[in-house]
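Structural description and commentary
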Amino acid sequence: MTLDAVLARIDDTLPQALDRLMDLMRIPSISTDPAFKADCARAADWLVEDLKSLGFDASARPTPGHPMVVAHGGSGGNHLLFYGHYDVQPVDPLSLWHHDPFDPQIEDTPKGTVLRGRGASDDKGQLMTFIEACRAWKAVHGALPGKLTIFLEGEEESGSPSLIPFLKANAAELKAEVALICDTGLFDSRTPAITTMLRGLLGEEITIRAASRDLHSGMYGGLAQNPIQILTRILAGLHNADGRVMVPGFYDGVTELPDTLRAQWQNLAFDHARFLGDVGLSVPAGEQDRTPLEKIWSRPTAEMNGIWGGYTGDGFKTVLPGEAHAKVSFRLVGSQDPVILRESFRAWVRDQLPADCSVTFKEHGTSPASAMQINHPAFEAARAALTDEWGLSAAYTGAGGSIPVAGYFKTYLGMDAILLGFAKDDDQIHSPNEKYDISSFHKGIRSWARILARLQ
Ligand code: BES
Ligand code: ZN
């Protein structure tokens, strides 16, 4: 059977596939940091060249931010649109990495062989699973597996600012019958998953200012406002003792989980003790009347991601700073509206400012939550293909992270996306020493070959 020939080809050429992934990982495409703009363009060009070598008509399309890669190839059958992102998160704190984050290493660990480096999992390793499946298919059949459009973004990790205008301007070119997104994980290390719900995101940066300059804390302390004190007091009031978010109107649009989904999730038997135990924790925090899976998949949250101000260097300095800063993000569910919430949050902060203090806000991207309708037959076809590869049937899951494009494909292209990927909970995405299991990469490529065979 020809699928077997493709799978054998994937097995035989795994070392070369890993070499290509490592080449891509050596390009530090950190989208949020302007210092890496040229590297983002280089990663896009690398992908264009690789896709051209597979016979795709590929190009890097400029945007006000980083380029989008669009490639068309193949013919016949269902038209499939595949999405991944080539940008990565910043690497700090660099001192906690065991190797240069952009000098990928293959490493044996007690749990198996892994590829380590920034982007190994999120999302370079994942997006290359699809491209490698296409490569093996082409090598065996002399043609690509049906009509394909590959769409790779370079701004996913920084809130996808160019995505909506790009989708609007290119809707006719990008629209297909089925959308595939490879940027999510397995349910557990043996069980594949199709993610049907993603949370949205609202990112805000706050600066509170008081005196016109930094002051001696002995000369002015007690008389002058301290912006760090004001900032921390406001942020401490973001949650009440039950873990509820206190911004007025925050829960507008939050829907309860339908009973069928609640029952399905209960059946998944999520081991929250292990999930927390793996990162050195034991007691679930947050809303006490919610199950752990609900908390990470279907409840909205407010999180402080960074806070700074005053003197934080070595030694000590008795300073009363003129400014204090924080980065805060909200994960959104249901029909919570990020734009309305941004205004409610800002008003809530302003209302609490004492005299002599002022606040400014900087926005860091918004995306609404998304939930997929799974009635298109392609969902069950993909699920069956995953079962063939993994020997266990794929779970329909939620995911706590955000992938803005998933909702936008629906709004702007009218397509529900099949979200599936091979990341593991311990991949340390966004953290030091990110890794992707070689088995995730290998079985990921094999999974796509099986899915492509069924979706033709
Ligand atoms: N791949 C992740 C999203 C994800 C994480 C899905 C975990 C499933 C499980 C994605 O690249 C990501 O991290 N997105 C950012 C988006 C944000 C910066 C707009 C996120 O969720 O923080
Ligand atoms: Zn990602």
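Let us look at the structure shown here. Predicted model, so just to flag it, every value in this text is computed and none were measured.

1. Quick look at the site of ligand 1
Surrounding ligand 1, one finds 14 residues, the nearest of these being Glu-156, Asp-183, Arg-331, Ser-402 and His-430. In the environment of ligand 1, an oxygen atom lies 3.0 Å from a nitrogen or oxygen atom belonging to the side chain of Asp-122. Here Asp-183 contributes a side-chain N or O atom positioned 2.8 Å from a nitrogen atom of ligand 1. In isolation ligand 1 exposes 510 Å². Once the protein is present, 84% of that is buried. Its residues placed into classes, the shell around ligand 1 shows four nonpolar, five polar and five charged.

2. Details of the coordination of the zinc ion (ligand 2)
For the zinc ion (ligand 2), every protein donor is listed as His-85 (NE2), Asp-122 (OD), Asp-183 (OD) and Asp-183 (OD), and the spread of their distances is 1.8 to 2.6 Å. Coordination geometry of the zinc ion (ligand 2): the six donor atoms subtend angles of 53 to 162° at the metal centre, consistent with an arrangement described as irregular. What makes Asp-122 buried here is its relative accessible area of 9%.

3. Remarks on unusual backbone geometry
Cis peptide bonds are those with omega within 30 degrees of zero, and the linkage from Asp-92 to Pro-93 qualifies with 0°. Along the chain, the position of Pro-93 falls in the loop between β3 (79-85) and β4 (105-109). Note the cis peptide between Asp-122 and Asp-123, where omega equals 5°. Here Asp-123 shows up in the loop between β5 (112-116) and α4 (124-141). The phi dihedral of Asp-356 falls on the positive side, at around 75°, and the residue is not glycine. Relative to the helices and strands, Asp-356 is located in the loop between α12 (338-350) and β14 (358-367). The class for Asp-356 is exposed, based on a relative accessible area of 68%. Unlike most non-glycine residues, Asn-433 shows phi in positive territory, near 60°. On the secondary structure map, Asn-433 appears in the loop between β17 (417-420) and β18 (435-437).

4. A closer look at helix α8 (residues 227-236)
Taken residue by residue, α8 has Pro-227, Ile-230, Leu-231, Ile-234 and Leu-235 as its buried positions. Looking down the long axis of α8, one finds its buried residues gathered within 125° of arc, a one-sided arrangement. Opposite its buried face, α8 presents the exposed residues Gln-229 and Ala-236, each directed more than 90 degrees away. Against β9 (200-209), β11 (301-309), β12 (319-320), β13 (323-332) and α12 lie the buried residues of α8.

5. Some words on the sheet that holds β9
Strand order in the open sheet made by the four strands is β11-β13-β9-β14, with antiparallel pairing throughout. Lying at the two open borders of the sheet, with one neighbouring strand each, are β11 and β14. The sheet shows a mean angle of 15° between the axes of neighbouring strands, taken without regard to direction. Examined bridge by bridge, β11 and β13 share eight bridges and lie antiparallel to one another. Looking at the pairing, Gly-309 lines up with Ala-324 of β13. Lying on the sheet, α12 is in contact with β9, β13 and β14; it crosses β14 at an angle near 160°.

6. Some points on the packing of aromatic side chains
Counting across every chain of the model gives 18 aromatic pairs. Pairing Phe-130 with Trp-448 gives two aromatic rings, centres 5.2 Å apart and planes at 80°, and the pair type is edge-to-face. With a gap of 318 residues between them, Phe-130 in helix α4 and Trp-448 in helix α15 (residues 438-455) connect regions that are remote in the sequence. Take Phe-130: its relative accessible area is 1%, and that puts it in the buried class.

7. Examining the sheet that holds β5
If you walk across this open sheet you meet the three strands as β4-β5-β18, and the pairing is antiparallel. The strands lining the two open edges of the sheet, one partner per strand, are β4 and β18. Direction aside, neighbouring strands of the sheet carry axes that sit 35° apart on average. Relative to β5, β4 runs antiparallel, the two being bridged by five bridges. Paired with Glu-107 across the two strands is Val-114, which belongs to β5.

Quick notes on the rules
In this numbering scheme, every chain counts its residues from 1 along its sequence in written order. Chain A is the first chain written and ligand 1 is the first ligand written, with later ones labelled in order. Note on the predicted model: pLDDT of at least 70 is required for a residue's local features to be given, and 80 or more for side-chain atom pairs to be given and counted; whole-chain, interface and lining totals, by contrast, use all residues. The basis for every side-chain value is the complete set of non-hydrogen atoms in the structure, without hydrogens or water. Nearness of a residue to a molecule or strand requires only that one of the residue's heavy atoms be within 4 Å of it. Counted as a polar contact is a pair of N or O atoms within 3.5 Å, where, for protein atoms, one must be capable of donating a hydrogen and the other of accepting one, and residues adjacent in sequence contribute only when both atoms are in side chains. Under the convention used here, a 1.4 Å probe and the Shrake-Rupley method define accessible areas, while residue burial counts only the protein chains that appear. Classification convention: Asp, Glu, Lys, Arg as charged; Ala, Val, Leu, Ile, Met, Phe, Trp, Tyr, Cys, Pro as nonpolar; all other residues, Gly among them, as polar. We call an atom a donor if it is N, O or S and sits within 2.8 Å of the metal, or 3.2 Å for Na, K and Ca. Water is not counted, so some sites may look partial. Here the metal geometry follows the donor angles, with tetrahedral for four donors whose angles all fall between 85 and 135 degrees, square planar for four and octahedral for six when opposite donors are more than 155 degrees apart and every other angle is between 65 and 115, and irregular for all the rest. Each residue is placed in one exposure class: buried if its accessible area under a 1.4 Å probe, protein chains only, is under 20% of its type's maximum, exposed if it is over 50%, and partly exposed if it falls in between. The secondary structure listing takes helices from DSSP runs of H or I that are at least 4 residues long and strands from runs of E that are at least 2 residues long, numbered from the N terminus. Arc definition: it is the arc formed by the directions from the helix axis to the C-beta atoms. It only takes one pair of heavy atoms within 4.5 Å for two residues to be counted as in contact. For two strands to pair, DSSP has to find at least two bridges joining them. What counts as an axis is a line fitted to C-alpha atoms, over the stretch in contact for a helix, and the angles between N-to-C directions run from 0 to 180 degrees. Two aromatic rings from Phe, Tyr or Trp, using only the six-membered ring of Trp, form a pair when their centres are within 6.5 Å; if the ring planes differ by under 30 degrees the pair is stacked, by over 60 it is edge-to-face, and anything between is tilted.

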